[in-house]
Amino acid sequence: FSIRPFHDHDLTNNPEEASCRKKWNKKLSSLRIFIEHAFGRLKGCFLILCGMPGRDLEVIYKTLEALMVIHNILEGLQDDPLTIFDF
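Residues numbered from 1 in each chain as written. Predicted model: local features only at pLDDT ≥ 70, side-chain atom pairs only at ≥ 80, totals over all residues. Heavy atoms only, no water.

**Q** I keep staring at the pattern of salt bridges and nothing clicks. Help me out?
**A** Pairing between side chains of opposite charge can happen when their charged atoms approach one another. Scanning the entire structure with this criterion turns up three salt bridges. A salt bridge links Glu 17 to Arg 21; the nearest nitrogen and oxygen atoms lie 2.6 Å apart. A residue pair is termed a helical-turn pair when its members lie 3 or 4 positions apart in one helix, as Glu 17 and Arg 21 do in helix 1 (residues 15-45) at four residues. For Arg 41, the salt bridge identified is with Glu 75, shortest N-O distance 2.9 Å. Separated by 34 residues along the polypeptide, Arg 41 in helix 1 and Glu 75 in helix 2 (residues 57-76) bring together distant segments of the chain. (Salt bridge = Lys/Arg side-chain N within 4 Å of Asp/Glu carboxyl O. Helix = DSSP H or I, 4+ residues; strand = E, 2+ residues; numbered from the N terminus.)

**Q** Teacher, can you tell me more about unusual backbone geometry here?
**A** Most peptide bonds adopt trans geometry, and most residues besides glycine take a negative phi value. If you check the backbone angles, Gln 78 has positive phi at about 55 degrees while not being a glycine. Here Gln 78 shows up in the segment after helix 2. Its relative accessible area of 70% is what places Gln 78 among the exposed residues. (Buried < 20%, exposed > 50% of the residue type's maximum accessible area, 1.4 Å probe, protein only.)

**Q** Is there a simple way to think about the packing of helix 1 against helix 2 in this case?
**A** For any two helices packed against each other, one specifies the crossing angle of their axes together with the interaxial distance. Where helix 1 contacts helix 2, the two axes come as close as 11 Å, and the packing angle between them is 85 degrees. Viewed along their axes, helix 1 and helix 2 adopt a mutual orientation that is roughly perpendicular. For the pair helix 1 and helix 2, the contacting residues are Phe 39, Arg 41, Leu 42 and Cys 45 in the first and Leu 64, Met 68, His 71 and Glu 75 in the second. For the contact of helix 1 with helix 2, the residue count by class is five nonpolar, one polar and two charged. (Axes fitted to C-alpha atoms, helices over the stretch in contact; angles between N-to-C directions. Parallel < 35°, antiparallel > 145°, perpendicular 65-115°, else oblique. Contact = heavy atoms within 4.5 Å. Nonpolar A, V, L, I, M, F, W, Y, C, P; charged D, E, K, R; others polar.)

**Q** Where do I start with the nonpolar core in this structure?
**A** Grouped burial of nonpolar side chains is what soluble globular proteins tend to show. Judged by nonpolar contacts, Leu 42, Phe 46, Leu 49, Leu 64 and Leu 67 together constitute the single largest core of five residues. When residues no more than four places from it in sequence are discounted, the contact partners of Leu 64 are Phe 39, Leu 42 and Leu 49. (Core = buried A, V, L, I, M, F, W, Y, C linked by side-chain atoms within 4.5 Å.)

Without other data, these values stay purely geometric and don't point to any function.
As structure tokens, this is what we get:
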């Protein structure tokens, strides 16, 4: 399968295969949007993600992983940032 916008014409002349690929590309597109929203939500909670300094991928990965753990703990506690003074 090629990664293309789901509304583009596909690379096959077989209508059944083209339909299958179109559905797959639409699901992939929806999943990518979902993931982008998840990262946007994390960036809203942890502003350091908006301008991650450096290019050390291991440090970035560990920082992101730690922030996701903290985020999940706060979600479990139903923490609301609007209740924090000067947030």
